[in-house]
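The lines below spell out each chain.
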Amino acid sequence: MALAISMEGIEARARELGVDLSAVDLDSIALPAGEDFGILSDDEEVLHSEDSPELEMGLSNIIVVDNLPVVPPEKFDKLENVIRKIYSQIGVIKENGLWMPVNPETKKTYGYCFIEYNTPQEAELAREKTNGYKLDKSHIFAVNLLDDFEKYMKVPDTWTPAEIKPYTAGENLLKWLTDEKARDQFVIRAGTLTEVYWNDARKLAPELVFQKQYWTDSFIQWSPLGTYLATVHRQGSQVWGGENGFERLMRFAHPMLKLIDFSPGERYLVTYSSHEPSNPRDTHRVVLNIFDVRTGKVMRDFKGSADDYTTGGNIGVSGVSWPIFRWGGGKDDKYFARLGKNIISVYETNTFSLLDKKSLKVENVVDFSWSPTDPIISLFVPEMGGGNQPARVSLVQIPGKEELRQKNLFSVSDCKMYWQNSGEYLAVQVDRYTKTKKSTYTGFELFRIKERDIPIEVLELENKNDKIIAFAWEPKGHRFAIIHGDGPRPDVSFYTMRTANNTNRVSKLTTLKAKQANALYWSPAGRFIVLAGLKGFNGQLEFYNVDELETMATGEHFMATDIMWDPTGRYLATAVTSVHEMENGFQIWSFNGKHLYKVSKDHFYQFIWRPRPPSLLTPEKEEEISRNLKKYSKKYEQEDQDAFNQLSEQDRKRRTQLQEEWDSWVAKWKQMHEEERAYRMELRDGEASDEEEEYEAKEVEVEEVVDVRQEVLAFDQDQE
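Residues numbered from 1 in each chain as written. Predicted model: local features only at pLDDT ≥ 70, side-chain atom pairs only at ≥ 80, totals over all residues. Heavy atoms only, no water.

- The name given to the chain in an unreviewed UniProt entry is Eukaryotic translation initiation factor 3 subunit B, with the source organism recorded as Miscanthus lutarioriparius.
- Taken verbatim from the UniProt record of the chain, the Sequence similarities (unreviewed entry) comment is "Belongs to the eIF-3 subunit B family."
- According to UniProt, the comment filed for the chain under the heading Subcellular location (unreviewed entry) is "Cytoplasm". (UniProt positions renumbered as here; feature names shortened; annotations may be inferred.)

## Structural notes on the pairing of strand β40 (residues 550-556)
Next, step 1: The pairing of strand β39 (residues 540-545) with β40 spans six bridges and is antiparallel. Note that in β40 the partner of phenylalanine 543 across the bridge is alanine 553.
Next, step 2: The hairpin turn running from β39 into β40, its antiparallel successor, is four residues long, and leucine 549 in that turn takes a positive phi close to 55 degrees. (Pairing = 2+ DSSP bridges. Helix = DSSP H or I, 4+ residues; strand = E, 2+ residues; numbered from the N terminus.)

## Quick look at the environment of alanine 230
Next, step 1: Looking at the element boundaries, alanine 230 is found in strand β11 (residues 229-233).
Next, step 2: Residue alanine 230 is classed as buried on the basis of its relative accessible area of 0%.
Next, step 3: Considered as a pair, alanine 230 and isoleucine 220 are 10 residues apart in the sequence and their alpha carbons are 5.7 Å apart.
Next, step 4: Discounting chain neighbours no more than four positions away, the residues touching alanine 230 are Phe219, Ile220, Gln221, Ser237, Gln238, Val239, Ile260 and Phe262. (Buried < 20%, exposed > 50% of the residue type's maximum accessible area, 1.4 Å probe, protein only. Contact = heavy atoms within 4.5 Å.)

## Some details on the sheet that holds strand β17 (residues 298-305)
Next, step 1: With respect to topology, four strands assemble into an open sheet ordered β14-β15-β16-β17, the strand pairing being antiparallel. At either end of the open sheet lies a strand with only one pairing partner, and these are β14 (259-262) and β17. Across this sheet, the average inter-strand angle for adjacent strands is 15 degrees, counted without regard to direction.
Next, step 2: Relative to strand β16 (residues 285-292), strand β15 (residues 268-275) runs antiparallel, the two sharing eight bridges. Bridge pairing links leucine 269 to phenylalanine 291 in β16. (Axes fitted to C-alpha atoms, helices over the stretch in contact; angles between N-to-C directions.)

Put into structure tokens, the structure is as follows:
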């Protein structure tokens, strides 16, 4: 390899030889292919060092297993076989990769061993799986990575106090809530652009707040209270927010990231990835991290095979259901849980360990869900023993794991649980077999959670054989809606958990017959609901007032795929995403069904309203505002009128401008026409033919032969 020569060296050598480099055409010099004679190119980034860097191998694929039995030489092989049997199930141990040091004086083992795997991932999994493994009563394994010893050895012997940094006030992450026009924000993703807008319904158009190209590699997601906007990348996730726009607030490193999930109170972020195993016969390896959102610190990680995380959830990814962890009710973020085989593992965030250091054992449990407001778990156990042991739904109080209520269910085919968002009611949709076992019918078990002894009511439809298409509770209310029926146009029924005569009895309010609907969307404020016909119904919309039991308006957004209320319940967004190639974009509607504006976007992927945190007003203050709404509304009515007048004035100015542009264009061509008058007369031998009276109308008949062959053929046929 030739020595690298700098340009200064070349110039010095040229001076020695008496060569004038300025007279040499360097561009005309052609070097042999692949040869540079050690001359560095200006556009190459070359790193030089005195010594070649050594390859840093590391010890991350080696684990240390402590608390092994101390055995004499005659028991070496037996102990080694036991250890190899345990750890070879997790990964491939390298040849001569298991070593048990021996005390040269006693000829016995020291009680620990080293195990070397092929990959650091296998070593990490072995540590996760076997740390705390109970070989017998006296020997419980303590497993660490060999890398960890080096880290702990570097801890200084003398303690030095941490440097206290001066306090600097952070940005107001909730400033967007102080918008003078009380507008809401939404984020959209279309093509390579991600954009945040104000919904300015008064101007009948969105107002751009922030946009960025290639902001995310996958998808975007608001945190539950709207404080952060999260983006997803191959290297991990990032959260954004700020007082004036969107600044990066924190990074969360997680290679090959696929999914994220916030805790309800935004304190924690769960990240997920899956990795192909080194052994093709094994399932994917799953990695889950739980980060503290503010500090970016990993509070707990979970690793294992995909088989360990396949139970429950809604969205399957690489054989794993999502969300794997379900957060406990309320905004305290105190508990989270996951479903396992015959267990529900409940963790507390104070220590990020199992509650009471053990899982809740429930034989054959297949599903569970948390109350939205309280630490109560509802769980479902199907029938066992061929129907000898009935199915059941249970309510369990956390952290005491006390069963509050249980209901046995017979001949059950399937079961779904729906919590009302205030945690006051739980509806259990139960599909039961008929006596012949050839078909099923559906009923509902309604739990009144806040009442004494948690009473349960049974609700069956008038036609209990109707198929249940959709069910939805009224937010912050006591009503619910059901779409049911087997025909192409199902019925929609409304029920209430309170009545004037008997507050503890469910009753039907009304049934709407033959509706083009297959989905229900309650306003977040209650009272109003949209009956939506998606997919086969091509985006039919009916805006319904449940207080008055009347339809306010109907509409259509052709091929709509998504429907979303804004957090205040004032506006509704409908969208056509890129699952369809045509009509991509979104439309905004008022709560009573008035179409406000439409925005078209090619390759449209996401539309998400920015959530709002709960109101800080007390129920008494909210009630006072409701009573005096007319007094408060005068201010906003005047603002609405001013905005309308402004729009009218803008529209008038726009029409005036268009008229002036048209008049100017016409005047320009008239002037040109007049200027060319003499030239036209010259072309017509002095005739001024522009005036209408100079024209003479004549009627001229023109005969045209269409097809000679057809006429001759017709003549021949007449002769025959």
